[in-house]
Amino acid sequence: MRAVFVDANPTLGDLAERLHKSASDPAVTVNRQPDVKPADLPAVLGNAEIAWVDHTYLPTDVARQCKGLKHVVFLGTGARSYMNVEELAGLGIEVHLIKGYGDTAVAECAFALMWAASKGFATMDRGMRGGNWLRMDGVQLTGKTVGLIGYGGIAAEMARLCLGAGMKVLAWNRSKKDAPDGVTFVELDQLLNLSHVISMHLLLNDETRGFLSAERIAKMRPGAILVNTARGAVVDEAAMIAALQSKQIGAAGLDVFDVEPLPGDHPLTRLENVTLSAHSAFRTPEASENLIEAALNHTRRIAK
């Protein structure tokens, strides 16, 4: 049984080759062309049974042309942003996700985006680089309330960081969970109304697409900060932009977007009250090593 890492960037490619040491492991071929196109995947995979996919779209009609493909190991949790999992299952192709590898890294990014948005750092940085001594009033977050929409591993890490910073933490989850120390689970409308900061932590699926809608944004505390390190599509982008323009949302820190890479002329690039990050929350050496080791473990289990 053979695996192909179809779209390895230099960092992940090096890790895959360094960590794949055992001669008893299934063979893993590393394709060091991170910008591979979907139409090229049948040639890249050949007759390999396992595809490691980091960020390349796998349309169902392309998967149908990959004659040996039986398993996709998606390097993360957001496979539905890149492929139709149910349609692939209909072709006999199982999609495997990797959870938890970057919980701390993503939470740290969300925490950093929250602080950057609250202080206007990105706006001041841009102004000063242009020769303007731009001074802004910031938001003091100590004692403020952060609301976590979705409560998994990343949100739990975000809660830990926020509690350590002296913030109050509210949370809402689609299924019932026990409240850890310091975290209060509330109804969604209450969370939206009370939170000075809303941080999104939902997986993307048919039920969560556009979850933070115009109607729900209208229920947010006026001037609240929005942080999204989950998936761009869990927020109604047009409604978010309108709310940023009207200051219903006072500021946003965003690592994920409906279209990635974010086009240079996108409306979000022209809003001063937005701090942008290039879907890089998970990109730390520690998270990357966890990711590749988990992909190897998936491959070992599949081969057995």
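Anything mentioned here points back to the structure above.
In this report, we go over the structure that sits alongside the text. (Residues numbered from 1 in each chain as written. Predicted model: local features only at pLDDT ≥ 70, side-chain atom pairs only at ≥ 80, totals over all residues. Heavy atoms only, no water.)

### Details of the overall build of the protein chain
If you tally the helices and strands in the protein chain, you get 11 helices and 12 strands. Against the globule reference of 19 Å for 304 residues, the protein chain gives a C-alpha radius of gyration of 21 Å, in line with a compact fold. For the C-alpha atoms alone, the extent of the protein chain along its principal axes is close to 60 × 50 × 35 Å. Taking all 304 residues of the protein chain together, the buried fraction comes to 51%. Residue pairs in contact within the protein chain that sit at least 24 positions apart in sequence constitute 64% of those at least 6 positions apart. Counting only carbon and sulfur atoms, one obtains 51% of the accessible surface of the protein chain, whose full area is about 14400 Å². (Helix = DSSP H or I, 4+ residues; strand = E, 2+ residues; numbered from the N terminus. Rg over C-alpha atoms; globule rule 2.2 N^0.38 Å. Buried < 20%, exposed > 50% of the residue type's maximum accessible area, 1.4 Å probe, protein only. Contact = heavy atoms within 4.5 Å. Areas by Shrake-Rupley, 256 points an atom, 1.4 Å probe, with all protein chains shown as cover.)

### Some points on the packing of aromatic side chains
Taken as a whole, this structure holds 6 aromatic pairs when the rule is applied. The interplanar angle of 40° and the centroid separation of 5.1 Å between the aromatic rings of Tyr57 and Tyr82 together place this pair among those described as tilted. Of this pair, Tyr57 sits in the loop between strand S3 (50-53) and helix H3 (60-63) while Tyr82 sits in the loop between strand S4 (71-74) and helix H4 (85-90), and the two are 25 residues apart along the sequence. On the numbers, 5.4 Å between centres and 35° between planes, the contact of Phe74 with Tyr82 is tilted. Residue Phe74 is classed as buried on the basis of its relative accessible area, which comes to 1%. Counting every residue linked through ring pairs, the aromatic cluster contains Tyr57, Phe74 and Tyr82. Cation over ring: Arg216 sits above Phe211, and NZ or CZ is 4.1 Å from the ring centre. (Phe/Tyr/Trp six-rings, centres within 6.5 Å; stacked < 30°, edge-to-face > 60°. Lys NZ or Arg CZ within 6 Å of the ring centre and 35° of its normal.)

### A few points about the sheet that holds S3
Read from one edge to the other, the open sheet built from 5 strands follows the order S2-S1-S3-S4-S5, with strand pairing classed as parallel. Edge positions in the sheet fall to strand S2 (27-30) and strand S5 (94-96), since each has one partner strand and no second. Between one strand and the next, the sheet's axes are offset by a mean angle of 20°, whatever the strand orientation. Strand contacts of helix H11 (residues 285-303): strand S1 (2-5), S2, S3, S4 and S5, with the helix running at about 165° to S3, the strand carrying the most contacts. (Pairing = 2+ DSSP bridges. Axes fitted to C-alpha atoms, helices over the stretch in contact; angles between N-to-C directions.)

### Side note on the packing of helix H1 (residues 10-19) against H11
A pair of packed helices is captured by two measures, namely the crossing angle of their axes and the spacing between those axes. One can describe the packing of H1 onto H11 by two numbers: an axis separation of 10 Å at closest approach and a directional angle of 50°. The angle between H1 and H11 falls in the class oblique. As for the relative orientation of H1 and H11, their crossing is right-handed in sense. Side by side, H1 and H11 meet where Leu12, Leu15, Ala16, Arg18 and Leu19 of the first sit next to Ser288, Glu289, Leu291, Ile292, Glu293, Leu296 and Arg300 of the second. When grouped by side-chain class, the residues that make up the contact of H1 with H11 number 7 nonpolar, 1 polar and 4 charged. (Parallel < 35°, antiparallel > 145°, perpendicular 65-115°, else oblique. Left-handed = near helix turned anticlockwise from the far one by under 90°. Nonpolar A, V, L, I, M, F, W, Y, C, P; charged D, E, K, R; others polar.)

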